[in-house]
Amino acid sequence: MTAIDVNGQAFGDRVSSTVPTLAEAAELGDLHEADYVVAGRDGGDAVTLYGRDAGGSWSVITADVHAETAEEVCLWFDLTQHYRGRSSVGTAPGGQAGHPLDHVSTPEGGQLAAARAISLVVERIRARRLDYPTQGLAADRFEAGWSVYAPVDIDESDPMAFLDMPVGRSVFLVSDIGRVKEVSSSIPPQQAEEMFRAEEAYVRRRPAEEGFMAGLRDEVMRLDSASEGPAGISSFTIDAPTEEVLAARASRLLDPIAQQLAVLGPPGWDRFVAAFSFTVSGEVAQLRFWCGNTSTDVLVPEQIAVLVRRQRHLAAQMPAGPWWRLLLAVSHSAGTDARITTEYDYGDQPFPDDHLLAPEHYRDDLAAYPRAHTPAWLFEHAAAAAGFDPAHRTALRETGATSGRPDSRQDQPARPPRRPEPAPRPAAAAPGPRNASPASTPPQDPMRAVGPAQPDPVPVLDTTVGWTHLHADPRVITYGRKSIALDDVEWVGYSATRIAEKRFMFPTLYDNKWDFRVGRYPYNGGPRVDVRFSKGGRRADQPEEWIFLVNLARHYLEPRLLAELVARVRRGETVTVGGSLEVSQGGIACAKPQLSLPWESISAPQLYNGMVCVSQVGVEKPVLTVPLSHPNAALIPDLLAALTS
């Protein structure tokens, strides 16, 4: 065992023939007033790192990892537990502050321009519909990026003017690679900027061995240039790490991440799954533990997200570039070692809805990490945003954000040619609804109902949604590079939802979303076309394009799907609708919630708040609710009605 500081300086050691306990490691650290103790077999590559947190308690930070990885984790732990900013006390040779995080390197693309920092903040404000000005924003430079805020003009001659100053107004810190972090102005600005800078320094720092060689090169060349005699060294070249070395660095950090996540689980857990969908400016982190058949969702703390950012930055050095999603699965049984399964997702298939970030986040990431290949669907998504500057679209192509290899999704039918007028047709030009019960209409609450439309012999929609071309007619639906013929469609789903976010002392935010999906089975992985619309406001009108698509499906698609389902059931087959409802000649069944009902005990399904509600005769509360967005959920009322008539 060796007691060390964050720089790896040794203060004292102890030799033992047995693996040290936590108490023994803490005793050695306390003896030498060190925050860290590293232990490992003499001559071995694997070490265990112990650390003392901000409260003085000792714990195992990471176990049985490579020494280089232990150094990475030690620095991360120090950032989250002890680092509070640069100090003039204790400097390294050359006048540099002694802590490894005291200085952040400038990215290869150079410093971010103030105007770009402000535009990133404006995108963040609009995307999240924050109650914050978007005009007249100011940007102040600090070492790692920009502090962007709304200036407040106060009449200093008025002694009561301070009452008009906003308390806790947000300030946005923007790094030189485009990461945006919202902090409260109640935190001292210098403290917030110092911690933000340290986070950037940790994520973007060179690995220790590369930093050492770079420092050695600079020092050798400095001494050579300062000598009065003839130059003794003409050049100093450092070979770039091999692909194997880069991959090993990134993969070795996965074990500490899994170990930190494992600590968050409930007692007795036997497995967990973690999913990280990250860009430089947006993140989604999900974590779920299982104890037998019982599962629990756990929030991923910000400090672990910092460690994941570092791992992604290391992975970005590999030829494939940084992953878009990182998936971790860990299983553990008493008396056995944990088994870890990992997957880097580079977007070969579209991401699940709850992992897909807003377009601007992918644009920021492509600017920070140019790559040779970006899947076509993701490129289209990154460019699909209202108000997206066409110059940025060109910039995306210049950073390599186009398909660099064949993509299976490009083998879809070519989209129809654009019509001369790209604007959407009025809703009245959409096909009228088929003769169906009111229960099969789109959700009535919280949005207004889709209005009846006049039939049109050849209804056509040809427009753009954001920057993505949308074409729909009775033959085919094309959105971007994805296209599907209506005759090939096996399922349809559409929904309208509104989310109200109530905030203390601030107005309520309303986020309205409309989804339309068609595709073939399997539902996850089969050909499909997804069109999404969103709009803020308490009384936002339904998009005319969404109305057109819904009416097109109800008039030209759903009658065929319904007839096929009815015929299959009457032939003795069991069909699945809504993703989970099984329908057969004997009645309906569902695995979760578990139920089985004969036809005579089923009431007519009803629609409520975007859900198809299935009830049992004589029971007021529905026994099953199916979201309208699920495949063929809109067909459930007509299907059950047809089979009971």
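Keep in mind that this is a model prediction, so the values were computed, not measured. (Residues numbered from 1 in each chain as written. Predicted model: local features only at pLDDT ≥ 70, side-chain atom pairs only at ≥ 80, totals over all residues. Heavy atoms only, no water.)

A. Region of interest: the packing of helix H7 (residues 254-262) against helix H8 (residues 302-315). Packing of H7 against H8 brings their axes to within 10 Å, and their N-to-C directions diverge by 165 degrees. With respect to H8, the axis of H7 lies roughly antiparallel. Here H7 runs over H8; the crossing is left-handed. Residues Leu254, Pro256, Ile257, Gln260 and Leu261 of H7 touch H8, and the partners they reach there are Ile304, Leu307, Val308 and Gln311. Its residues placed into classes, the contact of H7 with H8 shows seven nonpolar, two polar and no charged. (Axes fitted to C-alpha atoms, helices over the stretch in contact; angles between N-to-C directions. Helix = DSSP H or I, 4+ residues; strand = E, 2+ residues; numbered from the N terminus. Parallel < 35°, antiparallel > 145°, perpendicular 65-115°, else oblique. Left-handed = near helix turned anticlockwise from the far one by under 90°. Contact = heavy atoms within 4.5 Å. Nonpolar A, V, L, I, M, F, W, Y, C, P; charged D, E, K, R; others polar.)

B. Spatial organisation of the sheet that holds strand E15 (residues 461-465). Here four strands make up an open sheet; going across it, the order is E15-E16-E17-E18 and the pairing antiparallel. One side of each edge strand has no neighbouring strand; the edge strands of this open sheet are E15 and strand E18 (482-485). The sheet shows a mean angle of 10 degrees between the axes of neighbouring strands, taken without regard to direction. Sheet topology note: the E15/strand E16 (residues 468-472) ladder contains five bridges and is antiparallel. Its bridge partner being in E16, Thr464 is matched across the sheet by His469. (Pairing = 2+ DSSP bridges.)

C. Inspection of the environment of Ser184 at higher detail. Relative to the helices and strands, Ser184 resides in strand E9 (residues 180-184). The partly exposed category is assigned to Ser184, whose relative accessible area is 24%. Put simply, Ser184 and Ser170 are 14 residues apart on the chain and 4.6 Å apart in space, counted from C-alpha to C-alpha. (Buried < 20%, exposed > 50% of the residue type's maximum accessible area, 1.4 Å probe, protein only.)

D. Fine view of the pairing of strand E23 (residues 581-584). Across the two faces of E23 the burial differs, with Leu581 and Val583 buried and Glu582 and Ser584 not buried at all. As paired elements, strand E22 (residues 575-577) and E23 share three bridges and run antiparallel to each other. Opposite Val575, over in E23, you have Val583 as the bridge partner. When E23 meets strand E24 (residues 587-590), the two strands line up antiparallel, connected through three bridges. Bridge pairing links Val583 to Ile588 in E24. Where E23 hands over to E24, the hairpin turn is made up of two residues, counted between the paired strands.

E. Focus on the environment of Pro359. Mapped onto the secondary structure, Pro359 falls in helix H9 (residues 359-368). Separated by 232 residues in the primary sequence, Pro359 and Ala127 place their C-alpha atoms 9.6 Å from one another.

F. Summary view of the packing of aromatic side chains. One pass over the full model with this rule turns up 14 aromatic pairs. A ring pair is formed by Trp324 and Tyr362, whose centres lie 5.4 Å apart and whose planes are at 65 degrees; its orientation type is edge-to-face. Of this pair, Trp324 sits in the loop between H8 and strand E13 (325-331) while Tyr362 sits in helix H9, placing them 38 residues apart in sequence. With respect to burial, Trp324 and Tyr362 carry one shared label: buried. (Phe/Tyr/Trp six-rings, centres within 6.5 Å; stacked < 30°, edge-to-face > 60°.)

G. Spotlight on unusual backbone geometry. At the junction of Tyr521 and Pro522, the peptide bond is cis and its omega measures out at 5 degrees in the coordinates. A positive phi is found at Asp64, a non-glycine position, where the angle reads about 55 degrees. Mapped onto the fold, Asp64 is located in strand E5 (residues 58-66). You will see that Asn632, though not glycine, has its phi angle at about 60 degrees, which is positive. Inspection of the secondary structure assignment puts Asn632 in the loop between strand E28 (624-627) and helix H13 (636-644).

H. Structural view of helix H2 (residues 67-81). An ideal rise of 1.5 Å per residue puts 21 Å on 15 residues; H2 measures up with 21 Å between its terminal C-alpha atoms. Of all 15 residues that make up H2, eleven are buried, and the element is covered over most of its length. Turning to H2, its buried residues are Glu68, Thr69, Ala70, Glu72, Val73, Cys74, Leu75, Trp76, Phe77, Asp78 and Leu79. (Expected span 1.5 Å × (residues − 1).)

I. Layout of the side chain of Asp473. Following the sequence through the fold, Asp473 ends up in the loop between E16 and strand E17 (476-479). We note that Asp473 is buried and unpaired, the nearest opposite charge coming from Arg475 at a distance of 4.5 Å. A distance of 2.8 Å separates the side chain of Asp473 from the side chain of His471, its partner in a polar contact. Within polar-contact distance, the side chain of Asp473 engages the backbone nitrogen of Arg475 at 2.7 Å. Contact partners of Asp473, with chain neighbours within four places excluded, come to Pro459, Val460, Leu486 and Leu552. (Lys, Arg positive; Asp, Glu negative; His and termini not counted. Salt bridge = Lys/Arg side-chain N within 4 Å of Asp/Glu carboxyl O. Polar contact = N/O pair within 3.5 Å; in protein donor to acceptor, adjacent residues only side chain to side chain.)

J. Inspection of the sheet that holds strand E10 (residues 271-278) at higher detail. The sheet built from five strands is open, its strands ordered E12-E11-E10-E13-E14 with antiparallel pairing. A single partner strand is all that each edge strand has here, and the edge strands are strand E12 (294-297) and strand E14 (339-345). Between one strand axis and the next, the sheet turns by 15 degrees as a mean value, whatever way the strands run. Here E10 runs beside E13; their pairing, made up of seven bridges, is antiparallel. Across the sheet, Ala274 pairs through a bridge with Leu328, a residue of E13.

K. Here's a closer look at the nonpolar core. In terms of nonpolar packing, the biggest core is built from 55 residues, with Tyr202, Leu261 and Phe276 touching the most fellow members. In this view, Phe276 contacts Leu261, Val284, Ala285, Val300, Val308, Trp323, Trp324, Arg325, Leu326 and Leu328; residues no more than four positions away in its chain are not counted. Membership of the second largest hydrophobic core comes to 54 residues, among which are Leu470, Val575, Leu581 and Ala633. (Core = buried A, V, L, I, M, F, W, Y, C linked by side-chain atoms within 4.5 Å.)

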